[in-house]
Amino acid sequence: MSLSNIRYYFKEGFSNLWHNRVMTIASISSVIAALFMLGIFSAMILNVDNIVSQIESQIEIRAFLKDDLSEENIKLLDAGIKSVEGIKEVTYESKEQALENFKKQLGDRSDLLAGLEGDNPMPASFIIKTTSPQVIESVVNAIKGMEGIDQVRYGKDIVEKILNLTYVIRIISLVLIVILIIISVVIIYNTIRITVYARRREITIMRYVGATDWFIRWPFIIEGAVLGFAGTIAALAILRISYSYAVEYLTRSFFVFGLLPASVVIDNIFLMLLSIGLIIGIMGSTLSIHRFLKV
Amino acid sequence: MIEFKGVSKKYSGNMIALSNINFFIDKGEFVFLVGPSGAGKSTILKLILKEEGPSSGEILVNGYDVTHMKPGDIPYYRRKLGVVFQDYKLLPEKTVYDNVAFALIVTGAQGSAIRKQVPMVLSLVGLSDKAYRYPRELSGGEQQRAAIARALVNNPTILIADEPTGNLDPDTAWGIMELISEINRRGTTVLVATHAKEIVTNMKKRVISLHKGNIVRDQTRGVYSDVVK
Ligand SMILES: Nc1ncnc2c1ncn2[C@@H]1O[C@H](COP(=O)(O)OP(=O)(O)OP(=O)(O)O)[C@@H](O)[C@H]1O
Ligand SMILES: [Mg+2]
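Residues numbered from 1 in each chain as written. Chains lettered and ligands numbered in written order. Predicted model: local features only at pLDDT ≥ 70, side-chain atom pairs only at ≥ 80, totals over all residues. Heavy atoms only, no water.

What follows deals with the overall build of chain A. Across its full length, chain A carries 9 helices and 4 strands. Walking chain A from its N terminus toward its C terminus, one meets helices and strands in the order α-α-β-α-β-α-β-α-β-α-α-α-α. For 295 residues, the compact-globule estimate of 2.2 N^0.38 gives 19 Å, and the C-alpha radius of gyration of chain A, at 31 Å, exceeds that figure by more than 25%. Judged by the C-alpha coordinates and their principal axes, chain A covers about 105 × 40 × 30 Å. When contacts within chain A are restricted to residue pairs at least 6 apart in sequence, long-range pairs at least 24 apart make up 85% of them. When the accessible surface of chain A is summed, it comes to about 16800 Å², and 63% of that surface belongs to carbon and sulfur atoms. Charge centroids of chain A, computed over 28 positive and 28 negative side chains, lie 21 Å from each other. (Helix = DSSP H or I, 4+ residues; strand = E, 2+ residues; numbered from the N terminus. Rg over C-alpha atoms; globule rule 2.2 N^0.38 Å. Contact = heavy atoms within 4.5 Å. Areas by Shrake-Rupley, 256 points an atom, 1.4 Å probe, with all protein chains shown as cover. Lys, Arg positive; Asp, Glu negative; His and termini not counted. Charge placed at Lys NZ, Arg CZ, Asp CG, Glu CD.)

Taken together, the side chains of Tyr167, Val168, Ile171, Ile172, Val175, Leu176, Ile179 and Ile183 of chain A present a nonpolar region at the surface, about 710 Å² in accessible area. Along the chain, Ile171 of chain A turns up in helix α6 (residues 156-198). (Patch = residues over 30% accessible without salt bridge, like charges linked within 9 Å, V, L, I, M, F, W, Y side chains within 5 Å. Salt bridge = Lys/Arg side-chain N within 4 Å of Asp/Glu carboxyl O.)

We now examine the domain arrangement of chain A. For chain A, the assigned domains are domain 1 (3-55 + 161-293) and domain 2 (60-154). A C-alpha centroid distance of 54 Å is found between domain 1 of chain A and domain 2 of chain A. (Domains from an automatic or database assignment.)

A word on the pattern of salt bridges. This model, assessed by the stated rule, comprises 15 salt bridges over all chains. With its nearest N and O atoms 2.6 Å apart, the salt bridge here joins Arg199 of chain A to Glu202 of chain A. In this structure, Lys89 of chain B engages Asp87 of chain B in a salt bridge whose closest nitrogen and oxygen atoms are separated by 3.4 Å. Take Lys89 of chain B: its relative accessible area is 24%, and that puts it in the partly exposed class. In this structure Asp87 of chain B comes out as partly exposed when scored by relative accessible area, which is 43%. A cluster of three or more residues bridged by salt bridges with shared partners is formed by Lys11, Glu12, Arg199 and Glu202 of chain A. (Buried < 20%, exposed > 50% of the residue type's maximum accessible area, 1.4 Å probe, protein only.)

The next thing to look at is the interface of chain B and chain A. Of the residues lining the interface, 23 residues belong to chain B; the matching set on chain A comes to 14 residues. With both chains or domains summed, chain B and chain A bury close to 1600 Å², and 63% of this area falls on carbon and sulfur atoms. Its largest share of buried area at the contact with chain A, chain B owes to Arg78, Phe102 and Val106 of chain B, together 32% of the area lost on that side. Run the count over chain B and chain A and you get 0 salt bridges. The tally of links between chain B and chain A comes to 4 residue pairs in polar contact (both at pLDDT 80 or more). Counting residues per element, the ones that place at least two in the side of chain B that touches chain A are α2 (74-78), β6 (81-85) and α3 (96-105) of chain B. A class-by-class count of the residues in the side of chain B that touches chain A yields 13 nonpolar, 3 polar and 7 charged. (Buried area = accessible area lost by both parts, 1.4 Å probe. Polar contact = N/O pair within 3.5 Å; in protein donor to acceptor, adjacent residues only side chain to side chain. Nonpolar A, V, L, I, M, F, W, Y, C, P; charged D, E, K, R; others polar.)

A word on helix α4 (residues 95-106) of chain A. All names here are of chain A. With 12 residues, α4 extends 17 Å from end C-alpha to end C-alpha; this agrees with the ideal 16 Å at 1.5 Å per step. Residues of α4 that are buried include every one of Ala98, Leu99 and Lys103, and no others. Taken around the axis of α4, the buried residues stretch over an arc of 140°, which confines them to a single face. Exposed residues on α4 whose side chains face more than 90 degrees from its buried face are Lys104 and Gln105. (Expected span 1.5 Å × (residues − 1). Arc of directions from axis to C-beta.)

Residues and elements named next belong to chain B. The immediate surroundings of ligand 1 are formed by Tyr11, Met15, Ala17, Ser37, Gly38, Ala39, Gly40, Lys41, Ser42, Thr43, Glu163 and His195. Within the contact set of ligand 1, an oxygen atom lies 2.9 Å away from a backbone nitrogen or oxygen of Gly40. The side chain of Glu163 places a nitrogen or oxygen atom 3.3 Å from an oxygen atom of ligand 1. Within the complex, 67% of the 630 Å² of free accessible area of ligand 1 lies under protein. Elements that contribute at least two residues to the shell around ligand 1 include exactly β2 (15-25) and α1 (41-48). Residue contributions to the shell around ligand 1 peak at 3 residues, all from α1. (Near = heavy atom within 4 Å.)

All right, on to the nonpolar core then. Residues and elements named next belong to chain B. Formed by 92 residues in total, the largest nonpolar core has its most connected members in Phe32, Val118, Leu122, Ile148 and Ile180. Setting aside anything within four residues of it in sequence, one finds Ile148 in contact with Val84, Val125, Ile176, Leu179, Ile180 and Ile183. Membership of the second largest hydrophobic core comes to 31 residues, among which are Ile44, Leu45, Ile59 and Leu191. (Core = buried A, V, L, I, M, F, W, Y, C linked by side-chain atoms within 4.5 Å.)

Residue and element names in this part refer to chain A. In terms of burial, strand β3 (residues 125-130) is largely enclosed, as 5 of its 6 residues are buried. Pairing analysis gives 6 bridges linking strand β2 (residues 87-93) to β3, with the strands arranged antiparallel. Each residue of the ladder has a partner; that of Thr91, found in β3, is Ile127. (Pairing = 2+ DSSP bridges.)

Our next topic: the packing of aromatic side chains. Counted under the stated rule, the structure contains 13 aromatic pairs over all chains. The interplanar angle of 70° and the centroid separation of 5.1 Å between the aromatic rings of Tyr64 of chain B and Tyr77 of chain B together place this pair among those described as edge-to-face. Here Tyr64 of chain B, found in strand β5 (residues 64-65), pairs with Tyr77 of chain B, found in helix α2; they are 13 residues apart in sequence, far enough to count as distant. Here the aromatic cluster, defined as three or more aromatic residues joined through ring pairs, consists of Tyr8, Tyr9, Trp214, Phe215 and Trp218 of chain A. Its end group placed over the ring of Trp18 of chain A, Arg21 of chain A keeps NZ or CZ at 4.2 Å from the ring centre. The ring of Phe85 of chain B has Lys89 of chain B sitting right over it, with the charged end atom 5.0 Å from the ring centre. (Phe/Tyr/Trp six-rings, centres within 6.5 Å; stacked < 30°, edge-to-face > 60°. Lys NZ or Arg CZ within 6 Å of the ring centre and 35° of its normal.)

Okay, structure coming up:
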C-alpha cells in the first residue's frame, strides 16, 4: 500500500462524509449517544468499585474469646492467629479495654454501665486486619476452629450488598449499551450504503479499469472509521465536562465525598471507548460493503 | 491472444445467449463482431471482461485461463484490457483529464507516471485542448474520445468496444472508428461489437457474424450482411 494510495483513500473517505453530510451528522450523533451512555455507566461502575475497595480495605475481623482463658492460652492464640496466611495486624483487646471502649461510645449515658466492673460482660477479643479483602473468608475459617475462640465477626453483609448493587448496574448498562451500539452500527451501515449508491458509477468504472477490491473498499472503511472516531471523541469530551459538573454538584449539594475525579475516569475508559467507537464504525461500513459492493 | 473453445452461456431462466462458440483472435488483429440485436455480441465481450462466467467451455485471453481465474487476479487481468461502451461511462463531476487519470489512480500508479501518461493519450485521441472540460461540455464524439483515452491509458494489449459509435452521427462515427483503427495499427488487438453496417463493410477487416448465439460466418476481409445463410 503506497503513500499515494493512502492519501487517495482518505481523500475519498472524507469526500464521502462531506457529500453525505446529513447522514454523517446522524451517524456521529448516534455514536455519541451510545458511547456517552457507555461512559456514564462506566463512570458509575468505576466509582462504586472504588467505594467497595475502600470499604473492603477497612474491614476488620473480630475474634471474640471465651471467658476465663489464661494469659498463657491468650498468648498461644495470638501466636496461632499470627501464623495464619494473609494476616497483617493482630491487636488484643482485654475485657477491661472492651468495657472502657463501650463506655466511651456511650459517652453521657455511660452511667448505664455503672456497677458492671465487678462482673464485666464484655468479651475479650482479637482485632485482625488482613493483607487483602480476598483472604478474609479463608482467614475467618482458619480462626473459627481455634481452641478458645468463641465467635468470629466481620463486615460481610456490607460488601455483599455493594457487590450486588454493582452487579445490577452492570447488567442494566450492558443491555442498554448493546442496544445503543446496534443502533449506531445500523445507522452507519445505512450511511455507507447511501455513499456506495451515490458512487455506483465510479465503482463500476473502477472495476472495468482494474481496481482491486481492497482499493474500492478502503475509502468506505475509512468513512466508517472516521464516523466512529469522531463520535467517540465528541462523547468523551461531553462526558468529561458533564461528569465534572456532576461531581461538583454532588459534593456541594449532597456532601458526597470520595468520587473519582474526571481525569481518572477518562483515563480509565479512553481506550475502551475509542476501540468500541472504531469497531462500531468499521463494522457498519464492512457490513454495508459486503452487502452492497459485492466485490 | 483471445481464444474461445466450445463456449456456451445460459442466463437464468434457460435463456441460451451463446451456444458452442469457437474462435481465435491473434495478437494485433482487428475484429468486428456483428449480428442482429440479441445475437450475443455483448455477452461475448462480458465473458472476455469476466463480468460473466461461461456455462461451459474455455476462454483464454493474454495467457490467462479466464474461466478458472482466481478472483484476486481479475483486477490485474483487466488492466491489460481497455474497454469502451456506447454510453461512454464518463464521470460527470470529473474533468476529461481527471476521468482519464482515474483509471491510473485506481491501479495505484505514481503521480509522475500519471502526469506523463494522461497528456500522451489525450493527444493521441485529439483532446489535448479540452483536457479541463467536463463531459457535459463535450460533443458525443469528444466524450467517446475521452472514454477511449481512459481505456488506453493503462497500455492495454486488447481494446474491447461495445457499440462505440451507437450514439453518434455517421461522420463522427467514422472519426471514432478511424481512431480505433489507428490504435490497432500501433499494435493493440481490437474487438468491436457494432451495428454500423457501412463502416464494417468499408473497413475490410475480419468480421465474426453472430445469430441467435451461434457464429454463422467468420471472414477475414468481411462485410456486414443481414443475410443469414
Ligand atoms: N443478464 C442477463 N440475464 C438474462 N438474459 C440476458 C442477460 N443479458 C443478456 N441476456 C440475453 O442474452 C441474449 C444475448 O444478449 P446480448 O446482450 O449479448 O445481445 P447483443 O448481441 O449484444 O444485442 P444488442 O445488439 O441489442 O446489444 C439476449 O436474448 C438477451 O436478452
Ligand atoms: Mg449488446
